[in-house]
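Chain and residue survey
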Amino acid sequence: DLTAHAAAFAGDVPSTLAALRALPAASRAAADPVHGNTPLQIAALRGHAPLVAALLESGLARATDRGARRWNALDEAALRGNTAITTLLARAAVSEAKASRAAARAGLAAALAGATDFRMEVRWEFGSPVLGPLLRAVAPHDTYRVWKVGSAVRIDGSLRGLDGPGSGGSGGGGGALPSWRRGPFSLVWHAPRRVASADGADTDTTELPATAWLIDRDRNSYVDL
C-alpha cells in the first residue's frame, strides 16, 4: 500500500497520517519499491517541514527509520542543506537515542536484580595460532576485573585508547606501529534504585536515578557519565 507515500510526496498532512494509522505498526516505515524511501524520507526530500513535524509528533515515524539504501530522513535533509527539517530530525533522533538508552538501562537493572553477586576476570587478546604471535606484539589486549554487588557493577581495566603510530607509548615500538595508551581506570555503574528517605521512615522512599562514573585511578579523578 503506497497511499502514505503518495500523500507524503504531495505534502498532504491529514492524508499521510490517516494512511499510516491504517497500517500495522511494522509497516509504517516500509520503503517504496521504486526509490526505496519511507514516507518520512519522502517528506524530507520534498521539503515538507510541516509534514515532517507532524509525523514525528504523532509517533507514526521515527527519525532513525532507514530506507532501502540504509539512509534515513536526517541523511536526506542534511545532504540537501534543508536546515529547518535537519533541525527537526536531529532533535527527534536525540530523543529517540535517549529513550533507547533508558530502555537498555532498565533491562540491565532488571538483569542485575535477578543475578547473584559475583567477581570475575576476563582477558582478551588476538588468539590466532598463525598470526597471533605477530599480532600480539602490537595489537591491543587487556584484562578486565568485574564485580557485581547488588545493583552495582564495577569494571577495572588499563587500556585507554590509541595514541597513534610511532608515538612511543607502551605496546608500540615506533615507526608505523600503533602505540596504546594505558593507565588504571574503573567504570562504575549503579542501577536506578529506591532507598529509604533521610528521616528513616519505613514507608518513605526516594527513587535514585542510574549513575555511572569513569574513574582515573592515576589522577584520583572521575568523570560523571
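As shown above, the structure is provided for reference.
Since this is a predicted model, take the numbers as computed values, not measurements.

Observations regarding the pattern of salt bridges
Proximity of charged atoms lets side chains of opposite charge pair with each other. Per the counting criterion, the structure on display carries 13 salt bridges. In this structure, the salt-bridge partner of Asp65 is Arg62, at a minimum N-O distance of 3.9 Å. Notably, a salt bridge pairs Arg219 with Asp216, separated by 3.9 Å at the nearest N-O pair. One salt-bridge network, held together by shared partners, links Arg62, Asp65 and Glu96.

Observations concerning the side chain of Asp156
Among the secondary structure elements, Asp156 is positioned in strand β3 (residues 152-165). Of the polar contacts made by the side chain of Asp156, one reaches the side chain of Arg154; its length is 2.8 Å. Discounting residues that sit within four places of it in the chain, Asp156 has contacts with Thr143, Tyr144, Arg145, Trp147, Phe185, Ser186 and Arg217.

So, the nonpolar core
If you look at the biggest cluster of nonpolar residues, it comprises 24 residues, and the most contacted ones within it are Leu40, Val52, Leu55, Leu56 and Leu89. Membership of the second largest hydrophobic core comes to 7 residues, among which are Ala109, Leu112, Ala191 and Ala212.

Cut-off values and rules
- Residues numbered from 1 in each chain as written.
- Predicted model: local features only at pLDDT ≥ 70, side-chain atom pairs only at ≥ 80, totals over all residues.
- Heavy atoms only, no water.
- Salt bridge = Lys/Arg side-chain N within 4 Å of Asp/Glu carboxyl O.
- Helix = DSSP H or I, 4+ residues; strand = E, 2+ residues; numbered from the N terminus.
- Polar contact = N/O pair within 3.5 Å; in protein donor to acceptor, adjacent residues only side chain to side chain.
- Contact = heavy atoms within 4.5 Å.
- Core = buried A, V, L, I, M, F, W, Y, C linked by side-chain atoms within 4.5 Å.
- Buried < 20%, exposed > 50% of the residue type's maximum accessible area, 1.4 Å probe, protein only.

No statement about biological role is implied by the geometric values presented.
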